[in-house]
Amino acid sequence: SNGKTTTTSLIFDMLRRAGLDVGLAGNIGNSLALQVAQEDHAYYVIELSSFQLDNCYDFRADIAILLNITPDHLDRYDHQFQNYVDAKFRITRNQTSKDAFIYWSEDPVINREIARIHPQATLYPFGSNEQNVAYTDGTHLVLSTRPNVLPLRVSLEELSLEGKHNQLNSMAAGLAAQILNIHNDTIRESLQQFAGVDHRLQYVATIRGVRYVNDSKATNVNSCWYALESMNTPTVLILGGKDKGNDYREIDQLVLAKCHTLIFMGKDNSKLIQHFEQLGVKYISTHSLNDAVQAAYSSAHEGDTVLLSPCCASFDLFKSYEDRGAQFMDAVRNL
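These remarks concern the structure in this document. A quick note: this is a predicted structure, and the numbers were derived from the prediction, not measured.

Put simply, helix α6 (residues 164-179) and helix α7 (residues 184-193) touch, their axes get as near as 10 Å, and they point 155 degrees apart. One way to sum up the angle between α6 and α7 is to call them roughly antiparallel. Considering how the two elements wind past one another, α6 and α7 form a crossing that is right-handed. Note on element contacts: α7 touches α6 through Asn184, Ile187 and Leu191, opposite Ser170, Gly174, Ala177 and Gln178. Classifying every residue of the contact of α6 with α7 gives 3 nonpolar, 4 polar and no charged.

Turning our attention to the nonpolar core. Counting 35 residues, the largest nonpolar core has Met14, Ile102, Phe126, Ile187 and Leu191 as its most contacted members. Discounting residues that sit within four places of it in the chain, Leu191 has contacts with Leu10, Met14, Leu141, Val154, Glu158, Leu159, Ser160 and Ser170. If you look at the next biggest cluster of nonpolar residues, it comprises 22 residues, including Ile207, Tyr212, Ile238 and Ala296.

Before going further, it helps to examine the sheet that holds strand β5 (residues 122-127). Strand order in this open sheet of 6 strands is β3-β4-β5-β6-β7-β8, and the pairing throughout is mixed. Two strands in the sheet have a free side with no partner beyond their single neighbour: β3 (63-66) and β8 (152-155). Put simply, the sheet's adjacent strands are angled 15 degrees from each other on average, direction ignored. Two elements, β3 and strand β4 (residues 100-104), share 4 bridges in a ladder whose sense is parallel. If you follow Ile63 over to β4, its bridge partner there is Ala100. Most of the contacts of helix α5 (residues 108-117) go to β4, to which it runs at about 140 degrees, and overall it touches β3, β4 and β5. Each of β7 (140-143) and β8 is contacted by α7, which is oriented at about 20 degrees to β8, the strand it contacts most.

Let's shift gears to the side chain of Asn169. Relative to the helices and strands, Asn169 is located in helix α6. Engagement of the side chain of Asn169 in a polar contact is seen with the side chain of Thr7, the distance being 3.4 Å.

We now examine the pattern of salt bridges. Under the counting rule described, the total for this entry stands at 11 salt bridges. Across the pair Asp99 and Arg60 runs a salt bridge, and its minimum N-O distance is 2.8 Å. With Asp99 in the loop between α4 (81-88) and β4 and Arg60 in the loop between α3 (50-53) and β3, this pair connects stretches of sequence that are 39 residues apart. When its relative accessible area of 39% is taken as the criterion, Arg60 is described as partly exposed. Bridged by salt links that share partners, the residues Asp86, Arg112, Glu113 and Arg116 form one connected network.

Turning next to the environment of Tyr203. Tracing the backbone through its elements, the reader meets Tyr203 in strand β9 (residues 202-207). Among the residues examined, Tyr203 registers a relative accessible area of 43% and is labelled partly exposed. Placed 104 residues apart in sequence, Tyr203 and Leu307 show a C-alpha to C-alpha distance of 9.6 Å. Not counting the four nearest positions on each side in its chain, Tyr203 is found in contact with Arg211 and Tyr212. Here Thr206 takes part through its side chain, which lies 2.7 Å from a polar atom of the side chain of Tyr203.

One open sheet accounts for 6 strands, arranged β9-β10-β14-β11-β12-β13; its pairing is mixed. The open sheet is flanked by β9 and β13 (282-286), the only strands paired with a single partner. Put simply, the sheet's adjacent strands are angled 20 degrees from each other on average, direction ignored. Helix α11 (residues 289-299) contacts β9, β10 (210-214), β11 (235-239), β12 (259-265), β13 and β14 (305-308) of the sheet and is inclined by roughly 165 degrees relative to β12. Contacting β9, β10, β11, β12 and β14, helix α12 (residues 321-333) runs over the sheet at an angle of about 15 degrees to β9.

The next point concerns the packing of helix α1 (residues 4-17) against α7. Viewed as axis vectors pointing N to C, α1 and α7 meet at an angle of 135 degrees, and their least axial separation amounts to 9 Å. Judged by the inter-axis angle, α1 sits oblique to α7. The crossing of α1 and α7 is right-handed. Across from Leu10, Asp13, Met14 and Arg17 in α1, the residues of α7 making contact are Thr186, Ile187, Glu189, Ser190, Leu191 and Gln193. When grouped by side-chain class, the residues that make up the contact of α1 with α7 number 4 nonpolar, 3 polar and 3 charged.

Basis of the calculations
Residues numbered from 1 in each chain as written. Predicted model: local features only at pLDDT ≥ 70, side-chain atom pairs only at ≥ 80, totals over all residues. Heavy atoms only, no water. Axes fitted to C-alpha atoms, helices over the stretch in contact; angles between N-to-C directions. Helix = DSSP H or I, 4+ residues; strand = E, 2+ residues; numbered from the N terminus. Parallel < 35°, antiparallel > 145°, perpendicular 65-115°, else oblique. Left-handed = near helix turned anticlockwise from the far one by under 90°. Contact = heavy atoms within 4.5 Å. Nonpolar A, V, L, I, M, F, W, Y, C, P; charged D, E, K, R; others polar. Core = buried A, V, L, I, M, F, W, Y, C linked by side-chain atoms within 4.5 Å. Buried < 20%, exposed > 50% of the residue type's maximum accessible area, 1.4 Å probe, protein only. Pairing = 2+ DSSP bridges. Polar contact = N/O pair within 3.5 Å; in protein donor to acceptor, adjacent residues only side chain to side chain. Salt bridge = Lys/Arg side-chain N within 4 Å of Asp/Glu carboxyl O.

In structure tokens form, the structure reads like this:
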């Protein structure tokens with residue numbers, strides 16, 4: 001549900017650094033069909049949303065990755081989480097033992113489904129302990145898919161992407177690269193130098209001692225959870241938009257621990273107000289991006305972070321999350 005674009009882009013970066021003929025397709029840019037029609041690549045790295053997986057019947061992934069599954073798009077799936085889970089697991093459809101299935105071993109939903117459906121692919125779990133083929137030991141990220149080759153160890157401080165969630169994304173990408181026999185030095189270089197993706201915890205500017213961060217790609221509650229988890233300063237959080245059946249309780253504890261002000265930004269903020277006013281955190285309700293940025297500017301203090309991490313789709317006020325992020329960055333730079 002979260003981390004797809006970052007992980008897809010990171011794998012693409014690793015393959016390209018290795019000199020492989022690779023295309024990037026799917027939910028991240030050009031459709032796979034258009035790529036295949038116009039370009040002939042030896043490898044394709046594809047980001048697949050549940051919407052696209054719904055219509056996969058004959059498609060077979062040589063390497064499939066499931067990072068996590070948390071409630072999202074429930075308005076599309078009759079508000080039945082299992083329907084959404086079933087769509088995600090279509091990525092393993094048609095795989096054989098010659099193929100690889102990479103997954104986060106600590107996701108209870110993924111574990112339950114693996115036990116239920118028994119995927120045919122060879123399993124490559126990643127997580128926080130040495131029982132996995134990729135793990136963190138507290139100071140290093142370790143990749144150990146090759147039985148006769150020393151594991152790749154990369155200091156967590158050297159990773160270009162910050163946050164625990166990006167450690168997981170980095171492990172998944174590194175496993176895919178190792179399965180493709182990409183040299184460890186190339187994987188290390190990518191993990192140390194990859195610049196990240198636009199609109200995902202993207203630094204915008206520091207104004208009067210306040211950092212502004214664009215996380216417009218956080219279109220569900222769990223994605224906002226990861227953003228808040230990575231904050232290490234007092235935070236003004238801007239959230240809101242088109243609700244997709246969200247349950248905001250997931251971020252309550254992080255809001256209480258990290259945020260002193262919430263800025264709601266949407267055509268209809270009633271559900272946000274109803275939920276968050278009981279937490280006792282100061283909130284301001286706005287109905288435009290400029291008003292939200294001005295409210296955040298007035299509420300933030302030196303040393304704070306203003307974080308746009310909306311929890312919601314963008315289609316009430318914007319064309320896309322990219323449009324929302326771009327307008328946010330413009331508004332910040334015009335302060």
